[in-house]
Amino acid sequence: MKPEDFDLFSSLVKQRSGLVLSKDKSYLLESRLIPVARKYNLKTLEELAQLVRTKRDEAILHAITEAMTTNESFFFRDTKPFDQFKKLLLPELLRTRAAKKQFRIWSSASSSGQEAYSLAMICAEEAAKLQGWKIDILGTDISTEMVERAKSGIYSQFEVQRGLPIALLMKCFSQIGTDKWQLKEELRRMVQYREGNLLTDFGPIGVFDVIYCRNVLIYFDQPTKTRVLEAMSHVLAPDGVLFLGGAETVLGISDKFKPLENERGVYVLANRPDTGMLPKGRGTGVAPPVGSSVFTGTSSSASISA
Amino acid sequence: MKSCLLVDDSRVIRKVARQIFEALDFACEEAENGQMALEACQKAMPDVILLDWNMPVMDGMEFLRALRKMANGGESVVVFCTTENDMKHIQDAMANGANEYIMKPFDADIVRSKLIQLGIVEG
Ligand SMILES: C[S@@+](CC[C@H](N)C(=O)[O-])C[C@H]1O[C@@H](n2cnc3c(N)ncnc32)[C@H](O)[C@@H]1O
């Protein structure tokens, strides 16, 4: 690929989705964009680049951006964030939202839907406690194709085995054909999926009690991470909770959030009220050994020395 | 070190499974049918049994029923691992005392994620 074409594609993708493509990802760009070129009856990426330059067609720009996303996801990915939701957060939501009987969860890079549906399955298992409650679960992703897949709730035999216990497969899915499984309608109805871009689409989304933003910030550069986390801080309830992926953190990136003591991957607003969900010391985690440095400050300017 | 018994009439599958389990720090034994698996369990009850369904001499379901009747036969965690991939077989397996169920083809990710859920391997 010509360097100027690489620059064109990579800056387009960066600007639209945040994804950073370093020069050594040229092979990836090629392998992902050739099918896009084919779709538009073009033979080479040079022709695709030419088309982008001459005609800024929204559908093509979106197709190029979408083709560069990595959509891997699993049910109950990494186990812990879902255990934490069930054991730590749900009881707190039940307690603190008892008057309204309502809470909202956002799976903010929902890909093919496993994250949001895992949360729906947990809520369904706890249905007895949630009688009369209104639970909104929203899944958004920049990829049109992934949003459609998520809505269908249809997964391959491989996908339903990665992270999903067999008991939940039996309870929550029906088999279609020989090797596809579809989440049951009553569970699909618990989640709404729509297209949404983390860089731009924060306006009409409302406020959430819990946000999952997992395994997407890793693809962004630091200023973009900072910007997304800042935007998230405005749509999270004052005592709400943010989950990040195993390789993601707010430390050194945003002072809007701080890690929740003793709970890896869980973040709360730096200026959160002392009351509300999970106030200090309510974590279920094992206390750290004396002398280890954990974040205990409550002011947003407190520094971390971990 | 945790122990596992890999029960499958295919040597290739046992080899693949052994690689996966050894990478997860299990000491592995193998058996090529249910009968040989029972004999192995009488000698030493493994922590985990990966169990094929269709095998000559004694199939996986017969083995599972016999195992669960043994005095200490409730101690092992049994994970079916079979090409049978319909709801009926899954329900039968679970009703007869299996703890988990893998539909072939499988890979290391699937085995690992199932063992994490069972609390046998750390996440
Ligand atoms: C690796 S998946 C993570 C899925 C899920 N959160 C998980 O942890 O399993 C990353 C997803 O982020 C989406 N994505 C990338 N950039 C995005 C953006 N700017 N806005 C919204 N979604 C984006 C991709 O389309 C992809 O589906």
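Residues numbered from 1 in each chain as written. Chains lettered and ligands numbered in written order. Predicted model: local features only at pLDDT ≥ 70, side-chain atom pairs only at ≥ 80, totals over all residues. Heavy atoms only, no water.

### Describing the overall build of chain A
Alright, step 1. Looking only at helices and strands, chain A features 10 helices and 10 strands.
Alright, step 2. For a compact globule of 306 residues, the expected C-alpha radius of gyration is about 19 Å, and chain A comes in at 21 Å, within 12% of that figure.
Alright, step 3. Structurally, chain A occupies a C-alpha span of about 60 × 50 × 35 Å along its principal axes.
Alright, step 4. When the 306 residues of chain A are sorted by exposure, 50% land in the buried category.
Alright, step 5. Restricting to contacts in chain A with at least 6 residues of sequence separation, those with at least 24 account for 74%.
Alright, step 6. Here chain A has roughly 14,300 Å² of accessible surface; of this, 52% comes from carbon and sulfur atoms.
Alright, step 7. Taking the 41 positively charged and 36 negatively charged side chains of chain A as two groups, their mean positions are separated by 3 Å. (Helix = DSSP H or I, 4+ residues; strand = E, 2+ residues; numbered from the N terminus. Rg over C-alpha atoms; globule rule 2.2 N^0.38 Å. Buried < 20%, exposed > 50% of the residue type's maximum accessible area, 1.4 Å probe, protein only. Contact = heavy atoms within 4.5 Å. Areas by Shrake-Rupley, 256 points an atom, 1.4 Å probe, with all protein chains shown as cover. Lys, Arg positive; Asp, Glu negative; His and termini not counted. Charge placed at Lys NZ, Arg CZ, Asp CG, Glu CD.)

### Some details on the overall build of chain B
Alright, step 1. In terms of regular secondary structure, chain B is built from 5 helices and 5 strands.
Alright, step 2. When the elements of chain B are put in sequence order from the N terminus, they spell out β-α-β-α-β-α-β-α-β-α.
Alright, step 3. Taken over C-alpha atoms, the radius of gyration comes to 13 Å for chain B, in line with the 14 Å a tight globule of 123 residues would show.
Alright, step 4. In terms of principal-axis extent, the alpha carbons of chain B reach across some 35 × 30 × 25 Å.
Alright, step 5. Counting only residues that meet the buried cut, chain B has 50% of its 123 residues in that class.

### Examining the packing of aromatic side chains
Here a ring pair, both rings aromatic, is described through the centre-centre distance and the interplanar angle of the planes.
Residues and elements named next belong to chain A.
Alright, step 1. Following the criterion strictly, the structure yields 12 aromatic pairs over all chains and no others.
Alright, step 2. A ring pair is formed by Phe 75 and Tyr 155, whose centres lie 5.0 Å apart and whose planes are at 75°; its orientation type is edge-to-face. Taken together, the positions of Phe 75 in the loop between helix 4 (58-67) and helix 5 (80-96) and Tyr 155 in strand 3 (residues 154-156) put the pair 80 residues apart, joining distant regions of the chain.
Alright, step 3. Assessed through its relative accessible area of 0%, Phe 75 is described here as buried.
Alright, step 4. Residue placement shows Arg 104 over the ring face of Phe 208; its charged tip is 4.3 Å from the ring centre. (Phe/Tyr/Trp six-rings, centres within 6.5 Å; stacked < 30°, edge-to-face > 60°. Lys NZ or Arg CZ within 6 Å of the ring centre and 35° of its normal.)

### So, the side chain of A:Arg104
Residue and element names in this part refer to chain A.
Alright, step 1. With respect to the secondary-structure elements, Arg 104 resides in strand 1 (residues 102-107).
Alright, step 2. In terms of polar contacts, Arg 104 uses its side chain to reach the side chain of Asp 136, at 3.4 Å.
Alright, step 3. Polar contacts involving the side chain of Arg 104 include one to the main-chain carbonyl oxygen of Val 207, which spans 3.2 Å.
Alright, step 4. Once residues lying within four places of it in the same chain are set aside, the contact partners of Arg 104 are Asp 136, Ile 205, Gly 206, Val 207, Phe 208, Asp 209 and Val 210. (Polar contact = N/O pair within 3.5 Å; in protein donor to acceptor, adjacent residues only side chain to side chain.)

### Re the layout of surface pockets
To find the voids left in a structure, one rolls a probe of water-molecule size over its atoms.
Residue and element names in this part refer to chain A.
Alright, step 1. If you add up the space inside the second largest pocket, you get close to 440 Å³.
Alright, step 2. Together, 27 residues line the second largest pocket, and Thr 70, Ala 109, Asp 141, Asn 215 and Val 216 are the ones closest to its centre.
Alright, step 3. Of the residues belonging to the lining of the second largest pocket, the class tally is 11 nonpolar, 11 polar and 5 charged. (1 Å grid on protein atoms, 1.4 Å probe; cavity = no way out; pocket = protein on both sides within 12 Å on 5 of 7 lines; lining within 4 Å. Points joined across faces, edges and corners; volume = space filled by probe spheres on them. Nonpolar A, V, L, I, M, F, W, Y, C, P; charged D, E, K, R; others polar.)

### Some points on the interface of chain A and chain B
Alright, step 1. Counting from both sides, the interface comprises 17 residues of chain A and, opposite them, 20 residues of chain B.
Alright, step 2. Both sides together, the interface formed by chain A and chain B hides about 1,500 Å², and carbon and sulfur atoms give 59% of it.
Alright, step 3. Taken as a group, A:Gln161, A:Ile166 and A:Met170 account for 41% of the area that chain A buries against chain B, more than any other trio of residues on that side.
Alright, step 4. Its salt-bridge partner being B:Asp109, residue A:Arg162 comes within 3.7 Å of it at the nearest N-O pair.
Alright, step 5. The tally of links between chain A and chain B comes to 12 residue pairs in polar contact (both at pLDDT 80 or more).
Alright, step 6. Mapped onto the side of chain A that touches chain B, the elements with two or more residues apiece are helix 8 (166-172) and strand 4 (173-176) of chain A.
Alright, step 7. Take the side of chain A that touches chain B: its biggest share by element is 3 residues, from helix 8 of chain A. (Buried area = accessible area lost by both parts, 1.4 Å probe. Salt bridge = Lys/Arg side-chain N within 4 Å of Asp/Glu carboxyl O.)

### A word on the confidence of the model for chain A
Alright, step 1. For chain A, per-residue confidence averages 90 on the pLDDT scale, and residues scoring 70 or more make up 91% of the total.
Alright, step 2. The low-confidence segment residues 281-306 of chain A, where pLDDT is below 50, has 30 contacts with residues more than four positions distant or belonging to other chains. (pLDDT = per-residue confidence, 0-100.)

### Some remarks on the site of the ligand
Residues and elements named next belong to chain A.
Alright, step 1. The immediate surroundings of the ligand are formed by 21 residues, with Ser 73, Arg 77, Asp 141, Leu 198 and Asn 215 found nearest.
Alright, step 2. When each cavity is represented as a set of grid points, the ligand is found to reside in the second largest pocket.
Alright, step 3. Partitioned by chemical class, the residues of the shell around the ligand number 6 nonpolar, 10 polar and 5 charged. (Near = heavy atom within 4 Å. Sits in = over half its atoms within 2 Å of the grid points.)

### Overview of the packing of helix 1 (residues 3-17) of chain A against helix 4 of chain A
For any two helices packed against each other, the geometry is given by the interaxial angle and the distance between the axes.
Residues and elements named next belong to chain A.
Alright, step 1. Relative orientation of the contacting elements helix 1 and helix 4 amounts to 90°, with a least axis distance of 9 Å. Taken together, the axes of helix 1 and helix 4 are roughly perpendicular relative to one another. Each of Phe 9, Leu 12, Val 13, Arg 16 and Ser 17 in helix 1 lies in contact with helix 4, whose residues at this interface are Glu 58, Leu 61, His 62, Ile 64 and Thr 65.
Alright, step 2. Per-class residue counts for the contact of helix 1 with helix 4 are 5 nonpolar, 3 polar and 2 charged. (Axes fitted to C-alpha atoms, helices over the stretch in contact; angles between N-to-C directions. Parallel < 35°, antiparallel > 145°, perpendicular 65-115°, else oblique.)

### What about the domain arrangement of chain A?
When the parts come together, some accessible area is lost, and that loss is often what is quoted as the size of the interface.
Residue and element names in this part refer to chain A.
Alright, step 1. When cut into domains, chain A gives domain 1 (3-69) and domain 2 (80-305).
Alright, step 2. Between domain 1 and domain 2, the C-alpha centre-to-centre distance is 31 Å.
Alright, step 3. With 11 residues of domain 1 at the interface, the matching set in domain 2 holds 12 residues.
Alright, step 4. When the two sides are added together, the surface that domain 1 and domain 2 hide from each other amounts to roughly 800 Å², 55% of it contributed by carbon and sulfur.
Alright, step 5. Of all residues in domain 1, Ser 17, His 62 and Glu 66 give up the largest surface area on contact with domain 2, accounting jointly for 43% of the area buried on that side.
Alright, step 6. Across the pair Lys 14 and Asp 221 runs a salt bridge whose closest N-O atoms are separated by 3.0 Å. (Domains from an automatic or database assignment.)

### A short note on the pairing of strand 1 (residues 2-7) of chain B
All names here are of chain B.
Alright, step 1. Pairing of strand 1 with strand 2 (residues 26-31) involves 6 bridges; the strand directions are parallel. Following the sheet pairing, Leu 6 is matched in strand 2 by Glu 30.
Alright, step 2. Here 4 bridges tie strand 1 to strand 3 (residues 48-51), and the two strands are oriented parallel to one another. Residue pairing across strands places Leu 5 opposite Ile 49, the latter belonging to strand 3. (Pairing = 2+ DSSP bridges.)

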